[in-house]
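Residue strings, one per chain:
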Amino acid sequence: MRRFWSGLGLPGLIDVHTHFMPERVLRKVWDYFDANGPLVGGRPWPITYRAQEAERTARLREFGVRAFTSMLYPHKPGMAEWLNGWAADFARRTPDCLHTATFHPEPGVEGYVRDAVEAGALVFKAHVQVGAYDPADARLRPVWGLLAEAGVPVVVHCGSGPAPGRHTGPEPVARVLAAHPRLRLVVAHMGMPEYEEFLDLAERYPRVRLDTTMAFTGFAEDFMPFPKRALPRLAALGDRILLGTDFPNIPYPYLHQLRALERLGLGSDWLRAVCHDNAARLFGLPGRDARPEH
């Protein structure tokens, strides 16, 4: 791990897609993967980094991850505000975690999202597949507007992998972006398997980004391969691709994600940007010319 990022001249890695949540919630997530639930896509999915919270944070630091997130998400109304309270506390006691929050289309959503922004949330997570909601739901219009105005990025699982949901795919997100073109949207998992359609959105909207979570790995390539014809587009968007991994919920070692990016053959400058510099710029983190984006 350290040879990888030090060989690129980086001070470490920034991972925008890692999962920390209340222990009993995370255990239920792991149980779902163990049971090969419908949203897992019908494939065995062993959790490589199944451990207590302290051990998981220590492992990321050992890997050289200097900033990470606590991606968490509600699967029904009435959960998001409570999860945001937990995440705020986790960020306070975990200074290398970017304060993360979430939401669900429900009464009061604008109020608790505003509270989270005012409390210092740096990134939000929206999970269209698990939450089973339309991101263009009228109840979320003020939320998207608020986040666009505040410039707070939102990592959104909106692609139809590993299994489609009722509102996954590029069309619902395209409606959100048409109404809020300045939204800093980060498409999780490169939008798999609708890679090219989400690249279209990134090319159309300069504030849209994509994270690498699970993309290009042997696991994903077996059933949702990234089209080789799209590699030049991926190279051209090198300033808007962010490292994400899904740690700890991955069925392979963390290093495999990095080696998968390296094997794309897009060069050291591209890797430096993806593994560190793009996220440092987005979040205004110190090091390597990390001026905040305006």
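Overview of the structure. Within any chain, residue numbers begin from 1 and follow the written order of that chain's sequence. The predicted nature of this model means local features are confined to residues of pLDDT at least 70 and side-chain atom pairs, given and counted, to a pLDDT of 80 or more, with totals for whole chains, interfaces and linings taken over all residues. Where side-chain values are given, they derive from all heavy atoms of the structure, hydrogens and water being excluded.

Some thoughts on the overall build of the protein
- Secondary structure is summarised from DSSP: a helix means a run of H or I of at least four residues, a strand means a run of E of at least two, and numbering begins at the N terminus for each. Counting its regular elements, the protein contains 13 helices and 9 strands.
- The C-alpha atoms of the protein give 17 Å as radius of gyration, which agrees with the globular expectation for 294 residues (19 Å, within 12%).
- Taken along its principal axes, the extent of the C-alpha atoms in the protein is 50 × 40 × 40 Å.
- Partly exposed describes any residue whose relative accessible area lies between the buried limit of under 20% and the exposed limit of over 50%, with all areas from a 1.4 Å probe on protein chains only and scaled to the type maximum. Taking all 294 residues of the protein together, the buried fraction comes to 61%.
- Put simply, of all contacts in the protein between residues at least 6 apart along the chain, 75% involve residues at least 24 apart.
- Where accessible areas are quoted, they stem from the Shrake-Rupley method and a 1.4 Å probe; at the residue level, only the protein chains shown are allowed to cover. When the accessible surface of the protein is split by element, carbon and sulfur atoms take 53% of a total near 11,600 Å².
- Once the 35 positive and 33 negative side-chain charges of the protein are each reduced to a mean point, those two points are 2 Å apart. Using C-alpha atoms as the atom set, the radius of gyration is obtained and then compared with a globule rule of 2.2 Å times the number of residues to the power 0.38. Here, two residues are considered to be in contact whenever any of their heavy atoms come within 4.5 Å of each other. A positive count includes Lys and Arg, and a negative count includes Asp and Glu. His and the chain ends are not counted in either. Where a charge sits is defined by one atom per residue type, namely NZ (Lys), CZ (Arg), CG (Asp) or CD (Glu).

Points about the layout of surface pockets
- Size it by volume and the largest pocket reaches roughly 650 Å³.
- In this analysis, the protein atoms alone were mapped onto a 1 Å grid. Cavities are point sets where a 1.4 Å probe fits without being able to get out; pockets are open sets with protein on both sides within 12 Å along at least five of seven lines; lining residues have an atom within 4 Å of a point. Lining the largest pocket are 33 residues; nearest its centre among them are Val29, Tyr32, Phe33, Tyr73 and Val130.
- For the lining of the largest pocket, the secondary structure elements donating two or more residues are α2 (23–34), β5 (123–127), α6 (128–131) and α10 (218–221).
- Top element by residues in the lining of the largest pocket is α2. It accounts for 6 residues.
- Put simply, Ala, Val, Leu, Ile, Met, Phe, Trp, Tyr, Cys and Pro go in the nonpolar bin, Asp, Glu, Lys and Arg in the charged bin, and everything else, Gly too, in the polar bin. Among the residues forming the lining of the largest pocket, the class breakdown is 19 nonpolar, 9 polar and 5 charged.
- Grid points are joined across faces, edges and corners, and a volume is the space filled by probe spheres set on the points. There is about 160 Å³ of room inside the second largest pocket.
- Grouping the amino acids of the lining of the second largest pocket by side-chain chemistry returns 6 nonpolar, no polar and 3 charged.

A few points about the sheet that holds strand β1 (residues 13–14)
- By the convention used here, strands pair only if DSSP detects at least 2 bridges between them. The 3 strands lie next to each other as β1-β2-β3, forming an open sheet whose pairing is parallel. Looking along the sheet, the strands with just one partner apiece sit at the ends: β1 and β3 (97–98).
- The pairing of strand β2 (residues 65–69) with β3 spans 2 bridges and is classified as parallel. Residue pairing for β3: phenylalanine 68 is matched across the bridge by cysteine 97.

Describing the environment of aspartate 31
- Within the secondary structure, aspartate 31 is located in helix α2.
- Once the C-alpha coordinates of aspartate 31 and proline 286 are considered, the two residues, 255 residues apart in sequence, prove to be 38 Å apart.

Remarks on the packing of aromatic side chains
- Aromatic contacts are taken between Phe, Tyr and Trp rings whose centres are within 6.5 Å, Trp giving its six-membered ring; a plane angle under 30 degrees counts as stacked, one over 60 as edge-to-face, and the others as tilted. Across all of its chains, the model carries 15 aromatic pairs by this definition.
- Aromatic side chains tyrosine 195 and phenylalanine 226 sit 5.0 Å apart centroid to centroid with 70° between the ring planes, which places their arrangement in the edge-to-face category. Taken together, the residues tyrosine 195 in helix α9 (residues 195–204) and phenylalanine 226 in the loop between α10 and α11 (231–236) connect sequence positions 31 residues apart. The exposure classification of tyrosine 195 matches that of phenylalanine 226, with both residues buried.
- Ring centres of phenylalanine 219 and tyrosine 252 lie 6.5 Å apart, and the angle between their planes is 55°; this geometry places the pair in the tilted category. In this pair, phenylalanine 219 is assigned in helix α10 and tyrosine 252 in the loop between β9 (241–242) and α12 (254–262), connecting sequence segments 33 residues apart. Residue phenylalanine 219 shares its accessibility class with tyrosine 252, and that shared class is buried.

A look at the side chain of threonine 213
- Within the secondary structure, threonine 213 sits in the loop between β8 (209–211) and α10.
- What makes threonine 213 buried here is its relative accessible area of 0%.
- The definition of a polar contact used here is a pair of N or O atoms within 3.5 Å, where within protein one atom must be able to donate a hydrogen and the other to accept one, and adjacent residues in sequence count solely through side-chain atom pairs. At a separation of 3.5 Å, a polar atom in the side chain of threonine 213 contacts the main-chain amide nitrogen of threonine 245.
- If we ignore the near neighbours within four places in the chain, the residues touching threonine 213 are His17, His189, Met192, Gly244, Thr245, Asp246 and Gln257.

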